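Spelled out, the chains give:
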Amino acid sequence: MNENTTNDPIIICEDVHKWFDDFHVLKGITTTFKKGERAVICGPSGSGKSTFIRTINRLEEHQRGTIIVDGIELSNDLRNINLIRQEVGMVFQQFNLFPHLTNIKNITLGPIQVRKMSKKAAEEAALALLERMDIADQAYKYPAEISGGQQQRVAIARALAMEPKIMLFDEPTSALDPEMISEVLDVMRELAHSGMTMLVVTHEMGFAREVADRIMFFDEGVVIEEAAPADFFDNPRHERTKLFISQTLQH
Amino acid sequence: MEDNTLTQEVKPPDTSKGPVRWLRDNLFSTWYNTILTCLGLVLLFFFFRVFFIWVFTQANWAVIPAYLRTLMIGPYPIEQVWRIGIVFCTLLTLLGLSAGIWRDRVLQIAIAIAGVGLFLLLIPLDVVKEGEDTSATLEFNLNIFYLIFFKRKWLLGGLVLLAVTFLIGRDKNTFKRWIIIGWVLSFPWTMIILHGFGKNAVSTTDWGGLLLTLILAAVGIVACFPLGVLLALGRRSQLPAIKWVSTVYIETIRGVPLITILFMGSILLPIFMPGDFQLDKVIRAMVALTLFSSSYMAENIRGGLQAVPSGQVEAAQAVGLTYPKTMHFIVLPQAIRAVIPAIVGQSIALFKDTSLVSVVGLLDLLGVGRTILGSSKWSGNYAEVWFFIAIIYFVFSFSMSIVSQKIEADLGVGKH
Ligand SMILES: Nc1ncnc2c1ncn2[C@@H]1O[C@H](COP(=O)(O)OP(=O)(O)O)[C@@H](O)[C@H]1O
Ligand SMILES: [Mg+2]
């Protein structure tokens, strides 16, 4: 448990199932995330990690079970979905910045259009965020004009500008050249220490060991093992987990 | 010393070629290329010889000045031409303000139009009344001051307005929204001014020539755009009813030639109209052109929508943007950018397709060409008349094409 973790649950998943046509991707996920908790999700490719965190802001719809985020149950009610999306920020593997907008406009679009902030206030907040990400000088460039590591930090700033209560990261460093990974991890580390609730899909085991309160291991749509990092790395119980840890630590 | 050789700049090898080298590489590289080149040159020579002999010695160009006004505005009454002048000045005012505010390409377009305007202002070719002795009028026109300040006062006024409004509009960025609203309102404004009220009203049956062609093309090109966007979004909708209606509409219209739609508009539509309600002929043509081109526009835009990666929509949703805002701010700007060449190509096609309205009895540029040739005096001069009309179509189409190339270069399709 980190110093920020509380006992208030903020995300409650009960027996969550998801199919793509006939393909059973999530096979009953039951778990609770507490306010301020940092959870790292790992597991082999195709095990449903992305699908799981995408159900939490309804980019994917679950078909059985319940998900309650910040007291609101995810259903087909559009108003609830939009409310939850305002509280949940997401960072993608491929950044997904808007290429036709400058970096600062990427960041201010949500606050202005969704949070109804004034343009001036939104820009000031965006510049402060870029400062925090250490890229204030890139504000008026287009995404294509900056490096991958800088783009991912703009994407993090874009999510933070909505002042979310929860941040989801889907392999935020997997598309980056090795020398840029640390600049993004540094930002995430700083964010973790600020008390943000974070769900991070990543294979950066160093980051997981250092920052996570809990590591969840996905395999074929179920969580087969979850534990605090020390336990997870030093006493893995399942064979699959042992294999995965030995493979990832080799790299 | 050694450092010098390391830091010495290495220039790329010179791959540029002199003109002689170019000729040898491209036209005379082998014996059969040489023969083909010579044959081509001989053919070109004979073609241009015949062409220039016709243009300069055989053609009787007198038909053009004699009917210039008809070609430009058709049977529009001469006492009411001031209405066209007002519309012209309105548009140049908007253009001047836009050029001042947006600069760059808009300014270049304004400068190009000003250049053409100045050229037309100063050359001694003028609108000659039908049947008048052209040589006498030409002599009269040599008084250049009279010409510019009285016969071409609208052109002069428009150009002055263009310059003045450019100076007024410079860097007034807060006007942007109003200028856009102004451009939108310029359409109904143009129709109202050209038509007028009361006993001086000019019925649309008297609209004609290049004026009518430009109005039909402008309305068709602009009005099909919002309709095309809605249809394209509709065809990708998750709601079966909307998707189905959009698809059926698009495919039906695309499966039918424009001319049948024009005929349906002019013959079938009045049958379905209640009682003696008469929908104006020109309006019917406008509706037909808009309906027709909106289905093509929809398919163009749908192509652009498909080019926008799904991650863009997800990122927009993740910050909580609603569907309409996601489309407005994220998807459509990228989609439209990706298909600007196709959209301009379609606009050029529609501009030329307006000539089909002459088949349903409208006197557009092509239609007045026919009526001119219908008069016995000039019926032998069809080549001159068609050639002149072709040049007008070409000048407008080619200008649109150039503007589109510049816009593409600006947007750096694939850059941002
Ligand atoms: N939109 C989709 N349609 C069909 N199958 C999908 C879709 N998205 C993911 N899948 C499948 O679901 C499985 C889990 O995917 P994902 O959650 O992306 O895995 P992970 O992120 O753990 O690599 C994979 O087998 C993948 O092929
Ligand atoms: Mg994934």
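See above for the structure.
Report follows, based on the coordinates. No experiment lies behind these values; they were computed from the predicted model shown.

1. Some remarks on the pattern of salt bridges
(1) Moving on: A complete count under the given rule lists 23 salt bridges over all chains for this structure.
(2) Moving on: The partner of A:E226 in a salt bridge is A:R214, with the nearest N and O atoms 2.6 Å apart. Here A:E226 is found in strand β10 (residues 222–227), whereas its partner A:R214 is found in strand β9 (residues 214–219), with twelve residues between them in sequence.
(3) Moving on: The shortest N-O distance in the salt bridge between B:D25 and B:R21 comes to 3.4 Å. One end of the pair, B:D25, and the other, B:R21, are both in helix α2 (residues 19–26), four residues apart, so they sit about a helical turn from each other.
(4) Moving on: By relative accessible area, B:R21 is classed as partly exposed at 41%.
(5) Moving on: Look at the salt bridges and you will find they share partners, linking B:R235, B:E251, B:R254, B:E299 and B:R302 into a network.

2. Description of the layout of surface pockets
Residues and elements named next belong to chain B.
(1) Moving on: Taken as a whole, the second largest pocket spans an internal volume of roughly 1200 Å³.
(2) Moving on: Forming the walls of the second largest pocket are 33 residues, and the residues nearest its centre are Q238, V313, Q317, Y323 and M327.
(3) Moving on: Among the elements that make up the lining of the second largest pocket, the one with the highest residue count is helix α16 (residues 323–338) (five residues).
(4) Moving on: The class makeup of the residues in the lining of the second largest pocket is 16 nonpolar, ten polar and seven charged.

3. What to know about the packing of helix α5 (residues 81–102) of chain B against helix α6 (residues 104–122) of chain B
All names here are of chain B.
(1) Moving on: Across the interface, α5 lies against α6 with an axial gap of 7 Å and an inter-helix angle of 140°. When the axis of α5 is compared with that of α6, the two are oblique. Crossing geometry of α5 relative to α6 is assigned as left-handed. Residues L92, L95, S98, A99 and W102 of α5 form the contact with α6, whose participating residues are D104, V106, L107, A110 and I113.
(2) Moving on: Its residues assigned to classes, the contact of α5 with α6 shows eight nonpolar, one polar and one charged.

4. Considerations on the pairing of β9(A)
Residues and elements named next belong to chain A.
(1) Moving on: Among the six residues of β9, six are classified as buried, and the element is accordingly described as predominantly covered.
(2) Moving on: Residues R214, M216 and F218 of β9 are buried on one face, and the alternating residues I215, F217 and D219, pointing to the opposite face, are buried as well.
(3) Moving on: As defined by bridge partners, β9 adjoins β10 across five bridges and the pair is classed as antiparallel. Note on β10: the bridge partner recorded for M216 is E226.
(4) Moving on: Linking β9 to β10, which pair antiparallel, is a turn of two residues; within it E220 sits at a positive phi near 50°.

5. Observations concerning empty space enclosed by the protein
(1) Moving on: On inspection of all chains with the given rule, the structure shows three cavities of 30 Å³ or more.
(2) Moving on: In this structure, the largest cavity encloses a volume near 60 Å³.
(3) Moving on: Sorting the residues of the lining of the largest cavity by element identifies α13 (258–272) and α14 (281–307) of chain B as the ones contributing at least two each.
(4) Moving on: With four residues, the single largest contributor to the lining of the largest cavity is α14(B).
(5) Moving on: Broken down by class, the residue content of the lining of the largest cavity amounts to five nonpolar, two polar and two charged.
(6) Moving on: Around the second largest cavity, the lining residues are A:R85, A:V88, A:G89, A:M90, A:R158, A:A159, A:M162, B:A315, B:A318 and B:V319.
(7) Moving on: At the level of elements, β6 (88–91) and α5 (148–160) of chain A together with α15 (310–318) of chain B are the ones that each hand at least two residues to the lining of the second largest cavity.
(8) Moving on: Top element by residues in the lining of the second largest cavity is β6(A). It accounts for three residues.
(9) Moving on: Along the lines of polarity and charge, the residues of the lining of the second largest cavity split into seven nonpolar, one polar and two charged.

The rules behind the values
Residues numbered from 1 in each chain as written. Chains lettered and ligands numbered in written order. Predicted model: local features only at pLDDT ≥ 70, side-chain atom pairs only at ≥ 80, totals over all residues. Heavy atoms only, no water. Salt bridge = Lys/Arg side-chain N within 4 Å of Asp/Glu carboxyl O. Helix = DSSP H or I, 4+ residues; strand = E, 2+ residues; numbered from the N terminus. Buried < 20%, exposed > 50% of the residue type's maximum accessible area, 1.4 Å probe, protein only. 1 Å grid on protein atoms, 1.4 Å probe; cavity = no way out; pocket = protein on both sides within 12 Å on 5 of 7 lines; lining within 4 Å. Points joined across faces, edges and corners; volume = space filled by probe spheres on them. Nonpolar A, V, L, I, M, F, W, Y, C, P; charged D, E, K, R; others polar. Axes fitted to C-alpha atoms, helices over the stretch in contact; angles between N-to-C directions. Parallel < 35°, antiparallel > 145°, perpendicular 65-115°, else oblique. Left-handed = near helix turned anticlockwise from the far one by under 90°. Contact = heavy atoms within 4.5 Å. Pairing = 2+ DSSP bridges.

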